[in-house]
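Tertiary structure, described
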Amino acid sequence: MMRDGYVARWQGREYPASPDGGEVRLYQAEPGEGFTEVRPGRHVRVVPAAEIEELAYVRTTCTWKGQPFIVLGEHEGWLRIEYTGGRWPVAQAMRLEAFDFGVYQGWAPVGEVTDLREQRV
């Protein structure tokens, strides 16, 4: 699973999360006590931030063609990646798309990616 977003530990379990001031929204795919379905396969529960045991930002990183990337998503054997090396000539040589000023993204075959790992920021 490629993760890029907040996670929160609440009552000993980790959930995808979204902090919002003094509250944290917890998400899960299945129904559960205190969780409200917001769409099929997506349930949310809002808890006070003081009840959260740990809040962290998790992202998946990798190396492709010797350069560092963040993994944004996966689709049919390809990874959507964002270059984190900060060098425009490298991004240009790799034929990455200019997504925004200084932000370069592209698709990489899963088989060409190395050092795939999850990091807590």
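Rules of the game
Residues numbered from 1 in each chain as written. Predicted model: local features only at pLDDT ≥ 70, side-chain atom pairs only at ≥ 80, totals over all residues. Heavy atoms only, no water. Helix = DSSP H or I, 4+ residues; strand = E, 2+ residues; numbered from the N terminus. Buried < 20%, exposed > 50% of the residue type's maximum accessible area, 1.4 Å probe, protein only. Contact = heavy atoms within 4.5 Å. Phe/Tyr/Trp six-rings, centres within 6.5 Å; stacked < 30°, edge-to-face > 60°. Lys NZ or Arg CZ within 6 Å of the ring centre and 35° of its normal. Domains from an automatic or database assignment. Salt bridge = Lys/Arg side-chain N within 4 Å of Asp/Glu carboxyl O.

Assignment of secondary structure puts A108 in strand β10 (residues 103–109). Under the relative-accessibility criterion, A108 is labelled buried at 0%.

The next subject is the environment of F69. One can find F69 in strand β7 (residues 67–75). We classify F69 as buried; its relative accessible area is 1%. For the pair F69 and P48, spaced 21 residues apart in sequence, the C-alpha separation works out to 34 Å. Setting aside residues up to four positions removed in sequence, F69 forms contacts with T60, T61, C62, W64, I81, E82, Y83, T84, M94 and L96.

A few words now on the packing of aromatic side chains. Using the criterion set out here, one finds five aromatic pairs in the structure. On the numbers, 5.1 Å between centres and 90° between planes, the contact of Y6 with Y57 is edge-to-face. Of this pair, Y6 sits in strand β1 (residues 4–10) while Y57 is found in strand β6 (residues 54–64), placing the two residues 51 residues apart along the sequence. With a centroid separation of 6.2 Å and an interplanar angle of 55°, the aromatic rings of W10 and Y15 are classed as tilted. Comparing W10 with Y15, the two get one shared label, buried. Connected via pairs of aromatic rings, a cluster forms that spans W10, Y15 and F35. Seen from the ring of Y27, R42 lies directly overhead, with NZ or CZ sitting 3.9 Å from the centre.

A word on the domain arrangement of the chain. Domain annotation of the chain identifies domain 1 (5–55) and domain 2 (58–120). Centre-to-centre, using C-alpha coordinates, domain 1 lies 29 Å away from domain 2.

All right, on to the pattern of salt bridges then. If you walk through the whole model with that rule in mind, you get nine salt bridges. Salt-bridge contacts for R59 lead to D4; the nearest nitrogen and oxygen are separated by 3.8 Å. Highlighted residues: R59 in strand β6 and D4 in strand β1, separated in sequence by 55 residues. For the salt bridge of E14 with R120, the shortest nitrogen-to-oxygen distance reads 2.4 Å. Of this pair, E14 sits in strand β2 (residues 13–20) while R120 sits in strand β11 (residues 113–120), and the two are 106 residues apart along the sequence. Judged by relative accessible area, which is 22%, E14 ranks as partly exposed.

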